[in-house]
Amino acid sequence: MTDRQSYRRRLLALGALLPLAIAAAGAALILSWLPTLPGEVAVHWTSSGADGFAPPLTLAGVLLLSAVLFGAIVVTALWNASGGRGGNGRILLAVSAGLPSFLAVAFAGILTPQSGGGDPRTIEFPVAALVAGIGCAAAVGALAWMLAPTAPPRDRMPEPVENLQLARDARVVWIGTASAPRPLLLVIGGVAAVLLLVGAALTFTIGAPGLVLLAASAILVVACLTLSWRVRIDDDGLVARPLIGIPVVRVSLGQVKEASVIDVSPVDDFGGWGLRYSSSGTGVILRTGTALRLDQTGGAFTITLDDAPRAAGLVNALIARRSTAESSR
Amino acid sequence: MLLTVDPSSPTPLFQQVADGVRAEVIRGTLQAGSRLPSAKELAAALHLNLHTVLKAYQLLRDEGLLDLRRGRGAVLTAQAAMLGDLAAAVPQLVARAKAAGIGAPALSALIKEEYSK
């Protein structure tokens, strides 16, 4: 078994199976209590007492759904991670295991005093349940943190910059797209669709709590739209904009000292995907692999591009031509 | 994709744009289904007249390489894949011609003659 395979097995075990098992156990517990619970239980409180009510099955559903959706994103995101600090991967795994632990314990704590009849409106806010949930989440999260697998290092072999020659009067443009891997886009899109459906259903049946899911769905859709960028390089410099049109990133050619090709790992080098600001400079980081790096006077700009060797060659040729033109003036 | 036009070259500008797109197809940077930038965007980036770029796109459409539809933009057709495949066969032919001391004009004349049969 290769390092990559054993890493992925542990990733699946910690990021998917563990949270699913915890959520399933919590859901099974809720199901076993169903006969003793009222048709609607208190699920929301204000300072004056319980004001939100829902069938207990909703709680089981929320528990399972959150574990499945969050686990799917975490596992896809870390599937191709490469060795390094790995801190961000650990956090994701800890949250993925901690979230269902919190919900399972908190829901159990909410339901315990409501079993055996009685009016749900008289139930008090279960502070102890929440505290116990947070404690459990911290313990399970810490365990996942400790057991988190270290991704095997990937051979970083950046391709050499292509050597381009430009005629003095030639006009040139390079146009390309920088896009996240399709599986990641599909998983995020799928999760957004599920959240939209469930959120709409909950909003109509229970009310306000469903709006949270609708908001989460909207955020994921926007995230998807910022994971594909259109990039243009010409005499003026580089312009990159995502499908939704904002924000526009511009790098003026006059600011660029040198272009190079590097091999990036999103989580290790930039702490994630999208438009990033990190110690490695600004970056439009959408996948692992080859990227164009522009060294500027005020810090570096990096963008993941399939055709990075040629893009870098073009930027260097444009810089060379500009400096020749300036010196001959 | 990388496009270069040189106004000081004797080749017409629209021809240079079309050649550039074809070269990118042969390189594999553009594939069947790839969307070309809008004529407006390309004209602005290359400081060309919009009609020059449109003429290049129409030339490529007449060759069957490009699908021009209102609203969908310029999309490369399945023929782009054929052109790419065909390009892979060329180096061998050229290598044989070179080994035999046959230059590019003679080889292109051979190919043109084969077409006119």
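Small disclaimer: the values here were computed from a predicted structure and weren't measured. (Residues numbered from 1 in each chain as written. Chains lettered and ligands numbered in written order. Predicted model: local features only at pLDDT ≥ 70, side-chain atom pairs only at ≥ 80, totals over all residues. Heavy atoms only, no water.)

### A few points about the overall build of chain B
Thinking step 1. A tally of helices and strands in chain B yields five helices and four strands.
Thinking step 2. Tracing chain B from N to C terminus, the helices and strands come up as β-α-β-α-α-β-β-α-α.
Thinking step 3. Burial analysis of chain B (117 residues in total) assigns 33% to the buried set.
Thinking step 4. Taking the contacts inside chain B whose residues are at least 6 apart along the sequence as the reference set, 48% of them involve residues at least 24 apart. (Helix = DSSP H or I, 4+ residues; strand = E, 2+ residues; numbered from the N terminus. Buried < 20%, exposed > 50% of the residue type's maximum accessible area, 1.4 Å probe, protein only. Contact = heavy atoms within 4.5 Å.)

### A word on the packing of helix α2 (residues 56-78) of chain A against helix α5 (residues 182-205) of chain A
All names here are of chain A.
Thinking step 1. Between α2 and α5, the least distance of the axes is 9 Å, while the angle of their chain directions is 165°. By the angle between their axes, α2 is roughly antiparallel relative to α5. Relative to α5, the crossing made by α2 is left-handed. On the side of α2, the interface is formed by Thr58, Leu65, Leu69, Ala72, Ile73, Thr76 and Ala77, while α5 contributes Pro183, Leu184, Val187, Val191, Val194, Leu195, Val198 and Leu202.
Thinking step 2. Residue classes in the contact of α2 with α5 are distributed as 13 nonpolar, two polar and no charged. (Axes fitted to C-alpha atoms, helices over the stretch in contact; angles between N-to-C directions. Parallel < 35°, antiparallel > 145°, perpendicular 65-115°, else oblique. Left-handed = near helix turned anticlockwise from the far one by under 90°. Nonpolar A, V, L, I, M, F, W, Y, C, P; charged D, E, K, R; others polar.)

### Quick look at the sheet that holds strand β11 (residues 299-304) of chain A
Residue and element names in this part refer to chain A.
Thinking step 1. The strand order β7-β10-β11-β9-β8 describes an open sheet built from five strands, whose pairing is mixed. Edge positions in the open sheet fall to β7 (256-264) and β8 (274-278), since each of these has one partner strand only. Looking at each pair of strands side by side, their axes are set apart by 20° on average, direction ignored.
Thinking step 2. As paired strands, strand β9 (residues 281-285) and β11 are joined by three bridges and run parallel to one another. Bridging across to β11, Gly283 finds its partner in Thr302.
Thinking step 3. Lying on the sheet, helix α8 (residues 308-327) is in contact with β7 and β10 (289-296); it crosses β7 at an angle near 170°. (Pairing = 2+ DSSP bridges.)

### A few points about the interface of chain B and chain A
Thinking step 1. Residue-level contacts link 20 residues of chain B with 16 residues of chain A.
Thinking step 2. Buried surface at the junction of chain B and chain A, summed over both partners, amounts to about 1,500 Å²; 52% is from carbon and sulfur atoms.
Thinking step 3. Where chain B touches chain A, the interface holds three salt bridges.
Thinking step 4. When the shortest N-O distance is used, the salt bridge between Arg232 of chain A and Glu41 of chain B registers 3.7 Å. (Buried area = accessible area lost by both parts, 1.4 Å probe. Salt bridge = Lys/Arg side-chain N within 4 Å of Asp/Glu carboxyl O.)

### What about the nonpolar core?
All names here are of chain A.
Thinking step 1. In this structure, Ile233, Leu238, Leu292, Leu294, Ile303 and Leu305 are the most contacted members of the largest nonpolar core, which totals 39 residues.
Thinking step 2. Per element, the largest residue contribution to this core is seven residues, and it comes from α8.
Thinking step 3. With residues up to four places along the chain from it excluded, the contact list for Ile233 reads Val172, Val173, Trp174, Leu238, Leu292, Ala311, Leu314, Val315 and Leu318.
Thinking step 4. Leu37, Ala42, Leu78 and Phe107 belong to the second-largest nonpolar core, a separate cluster that totals 32 residues. (Core = buried A, V, L, I, M, F, W, Y, C linked by side-chain atoms within 4.5 Å.)

### Regarding the sheet that holds strand β3 (residues 66-69) of chain B
Residue and element names in this part refer to chain B.
Thinking step 1. The strand order β2-β4-β3 describes an open sheet built from three strands, whose pairing is antiparallel. With one partner strand each, in any of the chains shown, β2 (35-36) and β3 form the two edges of the open sheet.
Thinking step 2. Relative to strand β4 (residues 73-76), β2 is paired through two bridges, and the arrangement is antiparallel. By the bridge assignment for β4, Arg35 is matched with Val75.

### With respect to a nonpolar patch on the surface
Thinking step 1. Residues Ile91, Val95, Leu99, Leu143, Trp145, Met146 and Leu147 of chain A make up a contiguous nonpolar surface patch of roughly 620 Å² in combined accessible area.
Thinking step 2. Here Met146 of chain A lies in helix α4 (residues 127-147). (Patch = residues over 30% accessible without salt bridge, like charges linked within 9 Å, V, L, I, M, F, W, Y side chains within 5 Å. Areas by Shrake-Rupley, 256 points an atom, 1.4 Å probe, with all protein chains shown as cover.)

### Quick word on the confidence of the model for chain B
Thinking step 1. Within chain B, residue pLDDT values average 85, and 100% of them lie at 70 or more.
Thinking step 2. The lowest-confidence element of chain B is β4 of chain B, averaging 82 in pLDDT; the highest-confidence one is helix α3 (residues 50-62) of chain B, averaging 90. (pLDDT = per-residue confidence, 0-100.)

### With respect to unusual backbone geometry
Thinking step 1. Although it is not a glycine, His47 of chain B sits at a positive phi angle of roughly 50°.
Thinking step 2. Note that His47 of chain B resides in the loop between α2 (39-45) and α3.

### Some details on the pattern of salt bridges
Thinking step 1. Taken as a whole and judged by the stated rule, the model has 13 salt bridges over all chains.
Thinking step 2. Close ionic contact of Arg293 of chain A with Asp295 of chain A constitutes a salt bridge, the shortest N to O distance being 3.0 Å.
Thinking step 3. In this structure, Arg69 of chain B engages Asp67 of chain B in a salt bridge whose closest nitrogen and oxygen atoms are separated by 3.4 Å.
Thinking step 4. The exposure class assigned to Arg69 of chain B is partly exposed, which follows from its relative accessible area of 46%.
Thinking step 5. Classification of Asp67 of chain B by relative accessible area gives partly exposed; the value is 25%.
Thinking step 6. Salt bridges sharing partners connect three or more residues here, namely Asp307 and Arg310 of chain A together with Glu24 and Arg27 of chain B.

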